[in-house]
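# Topology and contacts: notes
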Amino acid sequence: RSMEQRFSTIQRVANAIVARQQRFLEYGEVAMKPLTMRQIAAELDLHESTVCRTVSGKFMATPRGVFEFKHFFSRQLATVSGGSCSASAVRAVLKELIASEDPHRPLSDATLARLLGEHGLKVARRTVSKYRNLMRLPAGEMRHAPGMPRMAATESARISA
């Protein structure tokens, strides 16, 4: 009976996650919605600690790959328009910006924060740095293309002025 109840709880939590993160499953990281264990617990009439124990060390096979249950939980960040998006979505956009940058002129964290703002995402430079580090992406000066001479900060500021 205990095993059946455990399986039932895992199944209910998985179904609730899939229902809330359907757009992620269709479109990828950029479509990840903010979601907390508290929201799932309230929806399923469970204690938050029960949801936490249920998702701990569990994985879900999806059409996008295998993900740890905890991957689907992401904190909420405000957007410029007053809406919200998930931290996972911000990291996905950040990764796209870095991937598309000119290798000879990598973007600084401050520039990345400004570009995210232009995409409607309010993110501080410190947060950009934190997310970049979490994704194990080097700082702008370390992403510089090999073989190109690096300019000192004062020299690049003088040239752009």
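The following refers to the structure shown. (Residues numbered from 1 in each chain as written. Predicted model: local features only at pLDDT ≥ 70, side-chain atom pairs only at ≥ 80, totals over all residues. Heavy atoms only, no water.)

### What about helix H1 (residues 2-20)?
Note the threshold: Note on conventions: DSSP H or I runs of at least 4 residues are helices, E runs of at least 2 residues are strands, and numbering of each starts at the N terminus. A helix is expected to span 1.5 Å multiplied by its residue count minus one. Accessibility here uses a 1.4 Å probe with only protein chains present; expressed as a share of the type maximum, an area under 20% marks a residue as buried, one over 50% as exposed, and anything in between as partly exposed. Directions drawn from the helix axis to the C-beta atoms are what define this arc. Residue contacts follow a heavy-atom distance rule, with two residues in contact if any of their heavy atoms lie within 4.5 Å.
Its 19 residues give H1 an end-to-end C-alpha distance of 27 Å, which sits within 8% of 27 Å, the value for a rise of 1.5 Å per residue. Taken together, the buried positions of H1 are Thr9, Val13, Ala14, Ala16 and Ile17. Down the axis of H1, the buried side of the element spans an arc of 160°, and every buried residue falls inside it. Those residues of H1 that are exposed and aimed more than 90 degrees away from the buried face are Met3, Glu4, Phe7 and Ala19. Where H1 is buried, its residues contact helix H3 (37-44), helix H4 (48-55) and strand S1 (59-62).

### A few points about the pattern of salt bridges
What counts, and what does not: Here a salt bridge means any side-chain nitrogen of Lys or Arg lying within 4 Å of a carboxyl oxygen belonging to Asp or Glu.
Evaluated as defined, the whole model comprises 5 salt bridges. Notably, a salt bridge pairs Arg20 with Glu43, separated by 3.1 Å at the nearest N-O pair. Here Arg20, found in helix H1, pairs with Glu43, found in helix H3; they are 23 residues apart in sequence, far enough to count as distant. When the shortest N-O distance is used, the salt bridge between Arg143 and Glu101 registers 2.7 Å. Remark: Glu101 occurs in the loop between helix H5 (87-99) and helix H6 (109-118) and Arg143 occurs in the loop between helix H7 (125-134) and helix H8 (153-160); sequence separation between them is 42 residues. What makes Glu101 buried here is its relative accessible area of 12%.

### A short note on H6
Among the residues making up H6, those that are buried are Asp109, Leu112, Ala113, Leu115 and Leu116. Across the axial projection of H6, the buried residues extend over an arc of 165°, all falling on one side. Count one or two residues on from H6 and you reach Gly120, which has phi positive near 90°.

### Quick look at the nonpolar core
Formally: Nine residue types can take part in a nonpolar core, namely buried Ala, Val, Leu, Ile, Met, Phe, Trp, Tyr and Cys, and a core is a set of them joined through side-chain atoms within 4.5 Å.
Core analysis: the biggest nonpolar cluster contains 19 residues, and Ile17, Ile40 and Phe73 have the highest contact counts within it. Of all the secondary-structure elements, those providing two or more residues to this core are H1, helix H2 (22-27), H3 and H4. Non-local contacts of Phe73, meaning those with residues more than four positions away in its chain, are made with Ile17, Leu35, Thr36, Met37, Ile40, Val51 and Val55. With 17 residues, the next largest nonpolar core counts Cys85, Val90, Leu112 and Leu115 among its residues.

### Regarding the packing of aromatic side chains
Two numbers describe a pair of aromatic rings. These are the distance of the centres and the angle of the planes. Heads up, the rule is: In this scheme Phe, Tyr and Trp rings, the latter by its six-membered ring, pair at centre separations within 6.5 Å, and the angle between planes marks the pair as stacked below 30 degrees, edge-to-face above 60, and tilted otherwise. Counted as over-ring charges are cases with an Arg CZ or a Lys NZ within 6 Å of the ring centre that also lie within 35 degrees of the ring normal.
Inspection of every chain in the model, using the stated rule, returns 3 aromatic pairs. Geometrically, the ring pair formed by Phe24 and Phe67 is edge-to-face, given 5.3 Å between the ring centres and 75° between the ring planes. On the criterion of sequence distance, the pair formed by Phe24 in helix H2 and Phe67 in strand S2 (residues 65-68) is long-range, its members being 43 residues apart. For Phe67, a relative accessible area of 15% translates into the label buried. Ring geometry for Phe24 and Phe72: centres 5.7 Å apart, planes at 80°, overall edge-to-face. With Phe24 in helix H2 and Phe72 in the loop between S2 and strand S3 (76-78), this residue pair connects regions lying 48 residues apart in the sequence. The burial state of Phe24 is the same as that of Phe72; both residues are buried. Site record: aromatic cluster; members linked through ring pairs are Phe24, Phe67 and Phe72. Positioned above the aromatic ring of Tyr131 is the side chain of Arg91, whose terminal nitrogen or guanidinium carbon lies 5.3 Å from the ring centre.

Read these as geometric descriptors, not functional statements.
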